Amino acid sequence: DVFRMITTPESRFSELWSIQEKELFSLKEMAQHWKNAEALLAQDARVALRYAQKVLNGPFKGAESVLAQDPHLALQYAQEVLKGPFPAAEATIATNAGAALLYAQTVLQDRFHAAEPVIAAAPLSALVYASLFIKGPWPEAEPTIATSATWSVKYSRDCIKGRWLPGESILASS
């Protein structure tokens, strides 16, 4: 009787069905645990960024609200994962002159209007931004640029393309 149970097609089918059922249950269980793990990964912006880069090779939607809280990590996520704009993080990116300049340069490849007041307040970022995007005088940034003799010379040469009296006064005093 045992031999017949093992060799009959019906018993093999039942046996296979039971194995497949167990495997399916295990896969469902693993998937649930993985969702729980992703929820934990999404709580740490650095971990979430690495997970998106190295495991998902693409966006990690569940972590974007956390990633959007750090200007540098949000910039990196936009550059390396999204390979394009990260609108949910633009307000945060706009709080840091260096990150905002790089976002404009590498992601938007255009002016980043929301960040211009912050960029204008940082002399080197203002100079580079004016050279790349304004392509001429940028009156909003001139008071900041005029605080540095080095950046004043470069601003007058690269943006004004001539004499710039506020820059000359800083040169005279240094």
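Data block above holds the structure.
Because the structure is a prediction, the values reported are computed rather than measured. (Residues numbered from 1 in each chain as written. Predicted model: local features only at pLDDT ≥ 70, side-chain atom pairs only at ≥ 80, totals over all residues. Heavy atoms only, no water.)

**Q** With reference to specific residues and values, describe the packing of aromatic side chains.
**A** This structure, assessed with the given rule, holds six aromatic pairs. Judged by centre distance (5.1 Å) and plane angle (40°), the rings of Tyr129 and Trp138 are tilted. For the pair Tyr129 and Trp138, a shared accessibility class is recorded, and that class is buried. When the centroid spacing of 4.8 Å and the interplanar angle of 65° are considered together, the rings of Tyr155 and Trp164 count as edge-to-face. Owing to a relative accessible area of 6%, Trp164 belongs among the buried residues under this scheme. An aromatic cluster of three or more residues is present, and its members are Tyr129, Phe133 and Trp138. (Phe/Tyr/Trp six-rings, centres within 6.5 Å; stacked < 30°, edge-to-face > 60°. Buried < 20%, exposed > 50% of the residue type's maximum accessible area, 1.4 Å probe, protein only.)

**Q** Residues and numbers for helix α11 (residues 149–160), please.
**A** If you check which residues of α11 are buried, you get Ala149, Ser152, Tyr155, Ser156 and Cys159. The arc that holds every buried residue of α11, seen down its axis, measures 130°, which confines them to one face. Where the residues of α11 are buried, they touch α9 (123–134), α10 (142–145) and α12 (165–173). In this structure Ser148 caps α11, since a side-chain oxygen of it lies 3.4 Å from the backbone nitrogen of Thr150. (Helix = DSSP H or I, 4+ residues; strand = E, 2+ residues; numbered from the N terminus. Arc of directions from axis to C-beta. Contact = heavy atoms within 4.5 Å. Polar contact = N/O pair within 3.5 Å; in protein donor to acceptor, adjacent residues only side chain to side chain.)

**Q** Explain the environment of Ala115 residue by residue, including any values.
**A** By the secondary structure assignment, Ala115 is in the loop between α7 (97–108) and α8 (116–120). Spatially, the C-alpha atom of Ala115 lies 9.8 Å from that of Tyr103, the residues being twelve residues apart in sequence. In this view, Ala115 contacts Ala94 and Ala100; residues no more than four positions away in its chain are not counted.

**Q** Run through the nonpolar core, naming residues and quoting values.
**A** Among the nonpolar cores identified, the biggest contains 44 residues, and Phe86, Phe112, Tyr129 and Trp138 are the most heavily contacted of them. Those elements giving two or more residues to this core turn out to be α3 (45–56), α4 (64–67), α5 (71–82), α7, α8, α9 and α11. If we skip the residues at most four places from it in the chain, Tyr129 touches Leu101, Ala104, Arg111, Phe112, His113, Glu116, Ile119, Ile134 and Trp138. (Core = buried A, V, L, I, M, F, W, Y, C linked by side-chain atoms within 4.5 Å.)

**Q** Now, about the environment of Val47: what can you tell me, with residues and values included?
**A** Summarising the element assignment, Val47 is placed in helix α3. With 16 residues separating them in the primary sequence, Val47 and Ala63 have C-alpha atoms 9.6 Å apart.

**Q** Please give an account of the pattern of salt bridges that cites residues and values.
**A** In the structure shown here, the tally under the stated rule is three salt bridges. Across the salt bridge formed by Glu64 and Lys61, the nearest N and O atoms sit 3.8 Å from each other. For Glu116, the salt bridge is made with Arg111, and the minimal N-O distance between the two is 2.7 Å. Note on Glu116: relative accessible area 12%, which makes it buried. Overall, the relative accessible area of 30% leaves Arg111 in the partly exposed class. (Salt bridge = Lys/Arg side-chain N within 4 Å of Asp/Glu carboxyl O.)

**Q** Before we move on, could you go through the packing of α9 against α11 and cite the residues and values that matter?
**A** Axis separation between α9 and α11 bottoms out at 10 Å; the angle between their running directions is 5°. In terms of orientation, α9 lies roughly parallel with respect to α11. Judged by residue contacts, Pro123, Leu124, Leu127, Ala130 and Ser131 of α9 engage Trp151, Lys154, Tyr155, Asp158 and Cys159 from α11. Here the residues of the contact of α9 with α11 are counted per class, giving seven nonpolar, one polar and two charged. (Axes fitted to C-alpha atoms, helices over the stretch in contact; angles between N-to-C directions. Parallel < 35°, antiparallel > 145°, perpendicular 65-115°, else oblique. Nonpolar A, V, L, I, M, F, W, Y, C, P; charged D, E, K, R; others polar.)

Bear in mind that shape data such as this cannot, by itself, settle questions of function.
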